[in-house]
Amino acid sequence: MSTCPTVGILLAAGAGRRFGGDKLLAPLHGRALVLHALAALHPAVDRVIAVVRPGAGALADALEQAGAQVVECPRATLGMGHSLACGADHAPPAARLLVSLGDMPAVRPDTIRRVRRALERGAVIVVPTHHGHRGHPVGFAPALQRELTRLVGDQGARALLQRHAADVREIAVDDPGILHDVDTPTDLSETTARALNPAPRAPTDR
């Protein structure tokens, strides 16, 4: 296995317009929604870079206090691609990158560790699936870091996955949290609450 670092990029630069405010700081089970996502990511990687939009002082403070390196993306309002590029640009050279979303609080740490292990074993792109549906976090080998730094627009890494479709490795996980993001207060009170309930753990990679 390579000794290159594995860096988690936590995308936390959305405005939360459909939620009606800063959803990432909305309380969930006693702490901010985004801190659930960070808590799952942190133990599975060597460091976490959290990308926020300009002026998100309270969010940045909460993430820093929880142990993330916070990076402000000046062009975050132009789309997720810019935020992801900003995070990849601040990662050390030749790093494995695991991209997580700040509004997905129910992803299990073991799922993230499985994505990391697949990268360590030579996969180029790793995508977890649940019942055949792709989710997050998505892992990228060091060879794709430069391409990630060039992303623009609101498609995130979708174009990159299409361009490297033959290199995508899917891993099936028993983790519905990989599909559950929070867009509205209803998502927070219903869908996410169900996803946070205990369930069988994903099988160990062989």
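Small disclaimer: the values here were computed from a predicted structure and weren't measured.

Draft legend 1. Structural view of the nonpolar core. In this structure, L10, V34, L63, I125, F140 and L148 are the most contacted members of the largest nonpolar core, which totals 67 residues. Ranked by residues supplied to this core, first place goes to helix α1 (residues 33-41) with seven residues.

Draft legend 2. Fine view of the packing of α1 against helix α2 (residues 57-65). Between α1 and α2, whose axes approach to 10 Å, the crossing angle comes to 30 degrees. With respect to α2, the element α1 is oriented roughly parallel. As for the relative orientation of α1 and α2, their crossing is right-handed in sense. Note on element contacts: α2 touches α1 through L59, A62 and L63, opposite V34, L35 and L38. Split into classes, the residues belonging to the contact of α1 with α2 amount to six nonpolar, no polar and no charged.

Draft legend 3. Here's a closer look at α2. Three or more residues of α2 are buried, namely L59, A60, A62 and L63. One side of α2 carries all its buried residues, which in axial view fall inside an arc of 165 degrees. In α2, those exposed residues whose orientation departs by more than 90 degrees from the buried face are A58 and Q65. Considering only its buried residues, α2 is in contact with β1 (6-11), α1, β4 (47-52) and β5 (69-72). The first or second residue beyond α2 is G67, which carries a positive phi of 105 degrees.

Draft legend 4. Looking closely at unusual backbone geometry. Here the amide bond leading from H136 into P137 is cis, since omega sits at 5 degrees, within 30 degrees of zero. Even without being a glycine, H131 presents a positive backbone phi close to 55 degrees. Among the secondary structure elements, H131 is positioned in the loop between β7 (125-130) and β8 (133-134).

Draft legend 5. Examining the pattern of salt bridges more closely. In total, this model carries eight salt bridges according to the counting rule given. Ionic pairing is found between R108 and D175, a salt bridge with its closest N-O pair at 3.8 Å. Here R108 is found in the loop between β6 (96-101) and α4 (109-120), whereas its partner D175 is found in the loop between β10 (168-172) and α7 (185-195), with 67 residues between them in sequence. There is no split in this pair, since R108 and D175 are both buried. Several salt bridges converge on common partners, so that one network encompasses K23, D103 and D183.

Draft legend 6. Expanded view of the confidence of the model for the chain. In this model, the chain carries an average pLDDT of 89, and 90% of its residues clear a pLDDT of 70 or more. Across residues 198-204, confidence stays below pLDDT 50; counting only partners more than four residues off in sequence or on other chains, it has 10 contacts.

Draft legend 7. Just the side chain of S100, in detail. Take S100: it is sitting in strand β6. A relative accessible area of 8% means that S100 is categorised as buried. Once residues lying within four places of it in the same chain are set aside, the contact partners of S100 are I9, L10, L11, L41 and P137.

Draft legend 8. Representation of the state of the cysteines in the model. Considering all chains together, one arrives at zero disulfides under this definition. Unpaired in terms of disulfides, C73 finds its nearest cysteine sulfur in C86, a separation of 4.2 Å. Taking relative accessible area as the criterion, C73 reaches 3% and is therefore assigned buried. The class of C86 is buried, set by a relative accessible area of 12%.

Criteria and cut-off values
Residues numbered from 1 in each chain as written. Predicted model: local features only at pLDDT ≥ 70, side-chain atom pairs only at ≥ 80, totals over all residues. Heavy atoms only, no water. Core = buried A, V, L, I, M, F, W, Y, C linked by side-chain atoms within 4.5 Å. Buried < 20%, exposed > 50% of the residue type's maximum accessible area, 1.4 Å probe, protein only. Helix = DSSP H or I, 4+ residues; strand = E, 2+ residues; numbered from the N terminus. Axes fitted to C-alpha atoms, helices over the stretch in contact; angles between N-to-C directions. Parallel < 35°, antiparallel > 145°, perpendicular 65-115°, else oblique. Left-handed = near helix turned anticlockwise from the far one by under 90°. Contact = heavy atoms within 4.5 Å. Nonpolar A, V, L, I, M, F, W, Y, C, P; charged D, E, K, R; others polar. Arc of directions from axis to C-beta. Salt bridge = Lys/Arg side-chain N within 4 Å of Asp/Glu carboxyl O. pLDDT = per-residue confidence, 0-100. Disulfide = S-S within 2.5 Å.

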